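Listed below, chain by chain, are the residues.
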Amino acid sequence: MPIRCSASVSEKGFDFATTEDTTGKPYPELEEWPHKWEKPILTYRLNNLSPDIQTEEHQTRAVTVSFRAWQLRIKNLRFTRERNPDRPVDIDIWFRQQEDFASQGILARAYYPGQGAVSGNIDINDGWDWVSNVHVSDLGHPPLVPILIHEIGHSLGLRHDTGNPGSQESIMYPSFNLGAKKHKLGPRDVERIQWKYGKRSLSDRIIRYFQERRLKGWDFD
C-alpha cells in the first residue's frame, strides 16, 4: 500500500502533510526550501509516547535511529537528544491526536527551518497503529523509523522528490510503499542533504552496516 505525502486521502493510499518551498539545488527540477539550519548542533526531544509501541525505549530509539540516517551523511550539522523536559529544543517531536490533523489520512507533518516558532517541529498522528520499524511493519501498521526519516528530511530543509525516475528510490519521494519496507536514504537524498550541510566521508562498509541495522531491526533487540 503506497502512503502519499500530501494532505488528503486518495485512492492511492494515505497521506503525510506537505509544506511550501521555493526554487533550490542541486536538482534544477526540484523546488527546494531556501533556508537551512545555521547552527552546528540541533537539539531534539520526543515529548510524549504512543500507546501503540510497547516500550518507551523503542520509541526513543526510533527517533535516534532516524536522526542517525541523516547524521551519517553530513558533516556541518550534529544532532543531540535533550532529556530535560524543561529546556527548549530546536526540534520538538509530538504524538498528537487524530483530530489535530486536517485529515484522518495524514500520518505526520513537519515544518521547515525558518518557519518561526514551529521551525523543524514534527507531529505524528497517533490515530494510526504504529510499530517501531520496518522489520515488524505490515500493511496495517506504519513503521515509525522511515516515516520519521522522511519528516526529519523536511525539518532539515528538503522538500519532496518527484519528477525523475530516480526519485522513487528517495526517502523524500511522496509515496511510501509499506510492502517495500523502504528504510534508507536514496542517492538523491544524499546529494541534496550534503549540498545543504556538507559531505561526511564514511566508508561504504559503515553506511551499509547501519542500513542493515535499520532493515533487520537490530537497534530494537
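Being a predicted model, the structure only gives us computed values, none of them experimental.

K.L.:
Give me the overall build of the protein chain: which residues, what numbers.
P.N.:
A count of helices and strands for the protein chain gives four helices and eight strands. When the elements of the protein chain are put in sequence order from the N terminus, they spell out β-β-β-α-β-β-β-β-α-β-α-α. Looking at the protein chain as a whole, 52% of its 221 residues are labelled buried. In the protein chain, the share of contacts with a sequence separation of at least 24, taken over all contacts with a separation of at least 6, comes to 67%. If you sum the accessible surface of the protein chain, you get close to 10,400 Å²; carbon and sulfur atoms cover 48% of it.

K.L.:
Would you mind going over the sheet that holds strand β5 (residues 91-96) in detail, with residue names and values included?
P.N.:
Within the open sheet, the five strands sit side by side as β4-β3-β5-β7-β6. Their pairing is mixed. Two strands close off the open sheet at either side, each with one partner strand: β4 (78-81) and β6 (108-110). Averaged over all pairs of adjacent strands, the angle between strand axes in this sheet comes to 20 degrees, irrespective of strand direction. Where strand β3 (residues 41-46) lies against β4, four bridges are found, and the strand directions are parallel. Considered in β4, the bridge of Y44 is made with R81. Those strands touched by helix α1 (residues 56-71) are β3, β4 and β5, and its axis lies near 155 degrees from that of β3.

Reading the values: the criteria
Residues numbered from 1 in each chain as written. Predicted model: local features only at pLDDT ≥ 70, side-chain atom pairs only at ≥ 80, totals over all residues. Heavy atoms only, no water. Helix = DSSP H or I, 4+ residues; strand = E, 2+ residues; numbered from the N terminus. Buried < 20%, exposed > 50% of the residue type's maximum accessible area, 1.4 Å probe, protein only. Contact = heavy atoms within 4.5 Å. Areas by Shrake-Rupley, 256 points an atom, 1.4 Å probe, with all protein chains shown as cover. Pairing = 2+ DSSP bridges. Axes fitted to C-alpha atoms, helices over the stretch in contact; angles between N-to-C directions.

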